[in-house]
Amino acid sequence: MKILQAKNYDEMSQKAAEFLIERIRRSPDINLGLATGGTPVGLYAQLVKDHQKNHTSYQDVTTFNLDEYMGLSSEDPNSYRFFMDKHLFKHIDIKKSNTHVPLGDTANPQKQCSDYENLIERHGGIDLQILGIGSNGHIGFNEPGTSFQSETHIVELTPSTRESNARYFNSLSEVPFHAITMGIASIMRSREILLLVSGNAKRDALEQLLQGEVNESFPASILRTHPAVTIIADEAAIGSIV
Ligand code: F6R
């Protein structure tokens, strides 16, 4: 694993944007795996800024998001589809039909899981996956205990994840109980992974990722076995770990 340090959140976002833009310019038809949450918001803002200024093109880029809440339609402001449109897709020249987010309001969730997995495979797999990390080591919505062999599946959200995500909703009771997420095996099939880690609250998770055992009780630990992972972490997250 390669670790790049950044002074703060803004510098982490800037470095992550430079990393992505270099890959997109090198391979204009790249398949990107994308994440939501607070961590990549600054990265997406930088990509939008670069698109406006330097005209980096997304015409041939295809994207696959990690996850989506069950029961929320794509028009729901709390859905991850809405998040991606708002923070990135609406502001760049990507074709809407090339952007993929698992469907949360589907009548047949199991079929949606296998369809999503097949869709990624039909496109030749993910070239570069962006990840954030939960303070309990989750990646995507893969909570501690998730099998390292898992593919796209439906999960019941843990109380701590629901509470942590409640900040985006009017109240905790509105946070869905289930989500659809790429599995650990699906994430690990990506040819390259970029993990962003920012803030004090993620320091323990980063330490465990770098120094703990590779174990299903800490999902992100599997990244230690991937051949091409880059971590960009800010000082608040990295502290004196490295
Ligand atoms: C989001 C996702 C999650 C987040 C993680 C960190 O698509 O898959 O695993 O990356 O929960 O969230 P933030 O960035 O809000 O701290």
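Residues numbered from 1 in each chain as written. Predicted model: local features only at pLDDT ≥ 70, side-chain atom pairs only at ≥ 80, totals over all residues. Heavy atoms only, no water.

Draft legend 1. Molecular detail of the site of the ligand. Within the structure, the ligand sits among 14 residues, and Thr-39, Asp-67, His-138, Gly-140 and Lys-202 are positioned closest to it. A distance of 3.1 Å separates an oxygen atom of the ligand from a polar side-chain atom of Arg-167. Protein burial of the ligand: of its 410 Å² of free accessible surface, 90% is covered by the chains. Of the residues in the shell around the ligand, the class split is four nonpolar, seven polar and three charged. (Near = heavy atom within 4 Å. Polar contact = N/O pair within 3.5 Å; in protein donor to acceptor, adjacent residues only side chain to side chain. Areas by Shrake-Rupley, 256 points an atom, 1.4 Å probe, with all protein chains shown as cover. Nonpolar A, V, L, I, M, F, W, Y, C, P; charged D, E, K, R; others polar.)

Draft legend 2. Structural context of the sheet that holds strand S8 (residues 178–181). Strand order in this open sheet of three strands is S4-S8-S7, and the pairing throughout is antiparallel. If you trace the sheet from one side to the other, it starts and ends with strand S4 (67–69) and strand S7 (153–156), each paired once. Between one strand and the next, the sheet's axes are offset by a mean angle of 25°, whatever the strand orientation. The pairing of S7 with S8 spans four bridges and is antiparallel. Within S8, the residue paired with Val-155 across the bridge is Ala-179. (Pairing = 2+ DSSP bridges. Helix = DSSP H or I, 4+ residues; strand = E, 2+ residues; numbered from the N terminus. Axes fitted to C-alpha atoms, helices over the stretch in contact; angles between N-to-C directions.)

Draft legend 3. Broad picture of the nonpolar core. Counting 32 residues, the largest nonpolar core has Leu-206, Leu-223 and Ile-231 as its most contacted members. At the level of secondary structure, the elements contributing two or more residues to this core comprise helix H4 (109–122), helix H6 (184–188), strand S9 (192–197), helix H7 (203–211), strand S10 (229–234) and helix H8 (235–238). The dominant element in this core, judged by the number of residues it contributes, is H7, at four residues. With residues near it in sequence (within four places) discarded, Ile-231 still touches Met-1, Lys-2, Ile-3, Leu-4, Leu-195, Val-197, Leu-206, Leu-209 and Leu-210. Formed by 28 residues, the second largest nonpolar core is a distinct cluster that contains Ala-6, Leu-43, Leu-194 and Ile-232. (Core = buried A, V, L, I, M, F, W, Y, C linked by side-chain atoms within 4.5 Å. Buried < 20%, exposed > 50% of the residue type's maximum accessible area, 1.4 Å probe, protein only. Contact = heavy atoms within 4.5 Å.)

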